[in-house]
Amino acid sequence: MASASNYQEALALLPTADAEAFVRGKLGVKDFNSKFAHNKIGVLEEIISAWQGAIPFQTVTQMALKPEERNAPSMKENVDLILTLQGGRCYTMNTVMHALLTSLGFDARLTVGSVHSPGKECHALVLLKGLTSGSSTHLVDVGFGSFMPKAMYSASWRETVNRFHPQS
């Protein structure tokens, strides 16, 4: 996983005006600001569904290269892969989703989890605080490779953060 400076770089590459333009133009979410003010969970799930319909989870781009030419995309390349609707793997998808949601005003955190092997955390995930109440936590995963149009709910932000980061 990348360092905090990489996440700051992703945020810098996706300022609020660009994030709003992407959501309106590429994802087709109309009246974002009004929806965000009145129904954060509703507009979030509209963004998730539109994202998953427009941006593929894929590894073809890297697999098409000769092994010696493959590399991990830079943060700018990750953002460009999403903004041009090319897609990518979990790290690209969820890192840029985190930057997008943060730029749009959501209280988002990027974390890691495990898909198949507990204890071997290598899957990027986004946690959102305060969508339905001040302490609510929702998990967003647009980089799983399967259609997951809803934000998954957890009753407690502290409980969820402690589950992923026991030292917090």
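Residues numbered from 1 in each chain as written. Predicted model: local features only at pLDDT ≥ 70, side-chain atom pairs only at ≥ 80, totals over all residues. Heavy atoms only, no water.

Turning our attention to the environment of Tyr 153. Of note, Tyr 153 is situated in strand E4 (residues 152–154). Taking the C-alpha atoms as reference points, Tyr 153 and Leu 131, 22 residues apart in sequence, are found 9.5 Å from one another. Among residues more than four places away in sequence, those in contact with Tyr 153 are Thr 132, Ser 136, Thr 137 and His 138. (Helix = DSSP H or I, 4+ residues; strand = E, 2+ residues; numbered from the N terminus. Contact = heavy atoms within 4.5 Å.)

For the rest of this paragraph, the subject is the packing of helix H4 (residues 40–54) against helix H7 (residues 90–103). Running from N to C, H4 and H7 cross one another at 145 degrees; their axes reach a closest spacing of 13 Å. For the element pair H4 and H7, the recorded crossing hand is right-handed. Facing H4, whose interface residues are Leu 44, Ile 47 and Trp 51, H7 presents Met 93, Val 96, Met 97, Leu 100 and Leu 101. When grouped by side-chain class, the residues that make up the contact of H4 with H7 number 8 nonpolar, no polar and no charged. (Axes fitted to C-alpha atoms, helices over the stretch in contact; angles between N-to-C directions. Left-handed = near helix turned anticlockwise from the far one by under 90°. Nonpolar A, V, L, I, M, F, W, Y, C, P; charged D, E, K, R; others polar.)

Attention shifts here to the confidence of the model for the protein. Scored by pLDDT, the protein comes out at a mean of 83, with 82% of its residues at no less than 70. Within the protein, no element has a lower average pLDDT than helix H8 (residues 157–164), which sits at 52, and none a higher one than helix H2 (residues 16–25), at 96. In this model residues 164–168 is a low-confidence stretch, pLDDT under 50, and it forms 9 contacts with partners more than four residues away in sequence or in other chains. (pLDDT = per-residue confidence, 0-100.)

So, on to the pairing of strand E3 (residues 137–140). A two-sided burial pattern is seen for E3, the buried positions comprising Thr 137 and Leu 139 on one face and His 138 and Val 140 on the other. Relative to E3, strand E2 (residues 123–129) is paired through 4 bridges, and the arrangement is antiparallel. Opposite Lys 129, over in E3, you have Thr 137 as the bridge partner. (Buried < 20%, exposed > 50% of the residue type's maximum accessible area, 1.4 Å probe, protein only. Pairing = 2+ DSSP bridges.)

With that settled, consider the packing of aromatic side chains. Taken as a whole and assessed by the stated rule, the structure comprises 3 aromatic pairs. Aromatic side chains Phe 36 and Phe 106 sit 4.9 Å apart centroid to centroid with 85 degrees between the ring planes, which places their arrangement in the edge-to-face category. Taken as a pair, Phe 36 in helix H3 (residues 32–38) and Phe 106 in the loop between H7 and strand E1 (107–113) lie far apart in primary sequence, 70 residues in all. Residue Phe 36 is classed as buried on the basis of its relative accessible area, which comes to 17%. The exposure class of Phe 106 is buried, given its relative accessible area of 5%. Of the aromatic side chains, those joined through ring pairs into one cluster are Phe 32, Phe 36 and Phe 106. (Phe/Tyr/Trp six-rings, centres within 6.5 Å; stacked < 30°, edge-to-face > 60°.)

Before going further, it helps to examine the environment of His 138. When you line up the elements, His 138 lands in strand E3. Separated by 15 residues in sequence, His 138 and Tyr 153 have C-alpha atoms that sit 4.4 Å apart. Here His 138 is in contact with Ile 41, Val 126, Leu 127, Leu 128, Leu 131, Thr 132, Ala 151, Met 152 and Tyr 153, once residues within four sequence places are set aside.

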